[in-house]
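Letter by letter, the chains look like this.
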Amino acid sequence: MTREKIRELISQMTLEEKAAMCSGADFWHTEAVARLGIPASMVSDGPHGLRKQDLEGDHLGVNESIKAVCFPAGCATAASFNRELLTEMGAALGNECQAEGVSVILGPAVNIKRSPLCGRNFEYYSEDPLVASETAGALIKGVQSKNVGTSIKHFLANNQETRRMSCDSRVDERTMREIYLAAFEGAVKKQKPWTVMCSYNKINGVYAAENHKYLTEVLRDEWGFDGYVMSDWGAVNNRVEDLKAGLDLEMPTSHGVNDKLIVGAVQSGNLDESDLDEAVERILNIVFRFEENRDKEAVWDKDEDHELARRVAEETIVLLKNEDILPLQDTDNLAFIGKYAMEPRYQGGGSSHINSHKITSAMDIVSGRYNIVYAQGYRDDIDETDEKLLKEAIEAAKTAKAAVIFAGLPDAFESEGFDRTHMSMPACQNELIEKITEVQPNTVVVLHNGSPVEMPWADKVKGIVEAYLSGQAVGGAVCDILFGKVNPSAKLPETFPIKLEDNPSYLSYFGEGDMVEYREGIFVGYRYYDKKKMDVLFPFGHGLSYTTFEYSNMQIDKECIKDTETLTVTVDVTNTGKKAGKEVVQLYVADKESTVIRPVKELRNFAKIELAPGETKNVAFTLDKRAFAYYSVKIHDWHVESGEFDILIGKSSRDIVLCKTVTVESTVKIPFVYTTDTTIGDVMKDQRAWELAKPIISGVTFGDANPGDENGSAAEAMSDEMVKAMMEYLPLRGPVSFGGSFSMADIQKLVDQLNALE
Ligand code: BGC
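Residues numbered from 1 in each chain as written. Predicted model: local features only at pLDDT ≥ 70, side-chain atom pairs only at ≥ 80, totals over all residues. Heavy atoms only, no water.

Novice: Describe in detail the overall build of the protein, supporting the description with residues and values.
Specialist: Helix and strand counts for the protein stand at 24 helices and 27 strands. Expected size for 758 residues packed as a compact globule is a radius of gyration near 27 Å; at 30 Å, the protein falls within 12% of this value. In terms of overall dimensions, the protein has a C-alpha envelope of 95 × 75 × 50 Å along the principal axes. Buried positions account for 60% of the 758 residues belonging to the protein. (Helix = DSSP H or I, 4+ residues; strand = E, 2+ residues; numbered from the N terminus. Rg over C-alpha atoms; globule rule 2.2 N^0.38 Å. Buried < 20%, exposed > 50% of the residue type's maximum accessible area, 1.4 Å probe, protein only.)

Novice: Lay out the site of the ligand in plain terms, naming residues and giving numbers.
Specialist: Around the ligand, the surrounding shell holds 15 residues, and the nearest of these are Asp45, Arg120, Lys153, His154 and Asp232. The separation between an oxygen atom of the ligand and a polar side-chain atom of Arg164 is 3.2 Å. At a separation of 2.6 Å, an oxygen atom of the ligand approaches a polar side-chain atom of Asp232. Out of a free accessible area of 310 Å², the ligand has 100% covered by protein chains. For the shell around the ligand, the residue count by class is 5 nonpolar, 3 polar and 7 charged. (Near = heavy atom within 4 Å. Polar contact = N/O pair within 3.5 Å; in protein donor to acceptor, adjacent residues only side chain to side chain. Areas by Shrake-Rupley, 256 points an atom, 1.4 Å probe, with all protein chains shown as cover. Nonpolar A, V, L, I, M, F, W, Y, C, P; charged D, E, K, R; others polar.)

Novice: Residues and numbers for the sheet that holds strand β11 (residues 334-337), please.
Specialist: Read across the sheet, 6 strands follow the order β10-β16-β15-β14-β11-β13 without closing on themselves; strand pairing throughout is mixed. Two strands in the sheet have a free side with no partner beyond their single neighbour: β10 (318-322) and β13 (372-375). Neighbouring strand axes in the sheet, compared pairwise and without regard to direction, differ in orientation by 15° on average. In terms of strand pairing, strand β15 (residues 443-448) meets strand β16 (residues 463-466) through 4 bridges, oriented parallel. What sits directly across from Val445, in β16, is Ile464. (Pairing = 2+ DSSP bridges. Axes fitted to C-alpha atoms, helices over the stretch in contact; angles between N-to-C directions.)

Novice: Got a sec to walk through the side chain of Ser470? Specific residues and values, please.
Specialist: Here Ser470 shows up in the loop between β16 and α16 (474-482). Its relative accessible area of 0% is what places Ser470 among the buried residues. Separated by 2.7 Å, the side chains of Ser470 and Thr316 make a polar contact. Looking at Ser470, its side chain comes within polar contact range of the main-chain oxygen of Ala467, at 3.0 Å. Discounting chain neighbours no more than four positions away, the residues touching Ser470 are Pro72, Ala76, Ala313, Thr316, Ile317 and Tyr346. (Contact = heavy atoms within 4.5 Å.)

Novice: Before we move on, can you summarise the packing of helix α1 (residues 3-12) against helix α10 (residues 273-291) with the specific residues and values?
Specialist: Packed helix pairs are specified by the crossing angle of their axes together with the interaxial distance, meaning the distance between the axes. Relative to each other, α1 and α10 sit at 125°, their axes nearing to 10 Å. In terms of orientation, α1 and α10 fall into the oblique class. α1 and α10 meet at a crossing whose hand is right-handed. Between α1 and α10, the residues in contact are Arg3, Ile6, Arg7, Leu9 and Ile10 and Asp277, Val280, Glu281, Leu284, Asn285 and Phe288, respectively. (Parallel < 35°, antiparallel > 145°, perpendicular 65-115°, else oblique. Left-handed = near helix turned anticlockwise from the far one by under 90°.)

Novice: Report on the sheet that holds strand β8 (residues 206-207), specifying residues and quantitative values.
Specialist: Read from one edge of the open sheet, 4 strands run β8-β7-β5-β17, paired in mixed fashion. Of all strands in the sheet, those with a lone pairing partner are β8 and β17 (515-517), marking the two edges. With 2 bridges joining them, strand β7 (residues 202-203) and β8 adopt antiparallel strand pairing. By the bridge assignment, Ile203 is partnered in β8 with Val206.

Novice: Give me the lowdown on the environment of Phe27, citing residues and values where you can.
Specialist: Summarising the element assignment, Phe27 is placed in the loop between α2 (15-21) and β1 (43-45). Of the residues examined, Phe27 reaches a relative accessible area of 23% and is grouped as partly exposed. Sequence separation of Phe27 and Val43 is 16 residues, and the distance between their C-alpha atoms is 9.0 Å. Once you skip the residues sitting within four places of it in the chain, Phe27 turns out to touch Gly57, Asp58, His59, Trp233, Met251 and Pro252.

Printed below as a string of structure tokens:
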């Protein structure tokens, strides 16, 4: 419907109808206005499957939803680093929505993994904003290709479940831009999600729902978002202020209470009716965009989507460790141990919980086909060793050629709504793994978990497969990887630290009361571990393959660029092994010298390519200003400092194989503001400034120790370094105390002259 037509409709709506349009009619629908032909529009969770509730609605996944297909969760899909595949998955979700009459699927969820403890990490993508944003963008592209909307969530700085509805995320400006906003930015700008869901929490003291700065100034004015913003379920705090800030749709519904507030505010003049009209217009745009592009023919075949879920899962499973054990050479006389071999944990709890139409376990795949004995090994409803189960498992492992233990986190350990308090797996599972390795040297562990765990047994097993929460088809995908039908190609989108205490947010993660300060700043994930030169269990970007890749012939198209130009980086990748495989080529940028504190390196692009044995492909990346920039709080913009940057090509963040250096010249000069506190050292950096300031230094003496007097006893006590430092760090106002012949007014005059320099 054209803008004019929508405006025409709005002009026919009563004030009450417009107010009502700004909140849900019920848990999942927008309001209809029958007399004007405005239909109700349905939204549903999201993000990795369709949780459409036909009957009783809830936002915690409690009541039944329709049978659907559970694709791999966010933690897993990000590990695929495969944009095309995720677009395909998005298109399947979009098609399901068309067939089910759902206008917007509530996802993707891109919040940064600040800590391994966040209960919703399984739904989120990465500790790195580029990976989060690119993964989200790929999914959005797919869903929206079917004329169904997405709702990128939860905007913003919603990185924990503890006190999620009231906590106040205190994030400094640079960190917000470089890490937390950046996770949304690329996806919003490039893929234009139809809607955005704001989060529950406060951001620097102001509720997300009420935050004009982020909902309007950043999202709409800077990034050009033109859809509607909806609240997370129950995130509205003050309906009228929220509306003014840019929150269009309240979900689910306030049963009319907030509609009355809106009407009252317009009548009293506290709310401009045009602001209300604008919110209604944004909502109706999307309502009609869906209505007018309904695919009435759409049907979905759950079995077909299950097969796609399996293909996606195959690319999301990370081979973490392999000491010549995988792929399993033979299907004979093996032991599959652990409850999750029979009943995999393949999704997390809460609003994303899918009522799976079928679930394939590893045992479903191998039973009757291969000679594999199964032992349950542990219970996952309580964390206590069941001696009988343990004994059976040990017996099964003892007589087998190899044991594969399917372990991980039970539902009770991680879910929406609460955070973990530690990073351990259940003690009974750790004990099982230890005991199996005592009797079986050929042990592989397959993990089903949504977030990193500590692995005290990592050195004792020969293989570790991170299956994450890979959806309802996980069993087939895991078996394909175990037996070598599929060559693993996923990489970790997050660091697995050795222990929780190593994590940068450890000291302040839960905050104090409602106040959560993001004290680690920009040093999230590998940005921190690299800077601290810390050992980690498995680094960001790590993931093994059954083949080998060699990188060569790295080239950059220019040695020097201006920050307004782009740089093309190319590299050849060859499959030097015997199996076809896929590789994730990672490009990091490192600022070699900087006046601001920066991470050692940051991921700036990646590509996934497929190579037959012996095949070589040339991979090209284009880097623009943002690849070299940091966010300057002085100019409130992205800024590149002139100088050298290393372009690093890696197989992981800790396995950099090639490097080239480029010089980037900044076209923006951040003006230096002189004050009476500016140090002499800083003044000396600018020759013209120094010429002006020199006279005030000439008379400076430090007591008896005149820097020029080499014979004085006090001067002898002062080393050259000390004198140099005293001078370098002396503020411009210093000569008033140490020189004697200058007044503060003289200094201020000098400061004014310095600031007037062109
Ligand atoms: C969750 C959202 C979800 C919504 C609707 C909220 O509790 O935070 O992610 O989309 O419920 O179920």
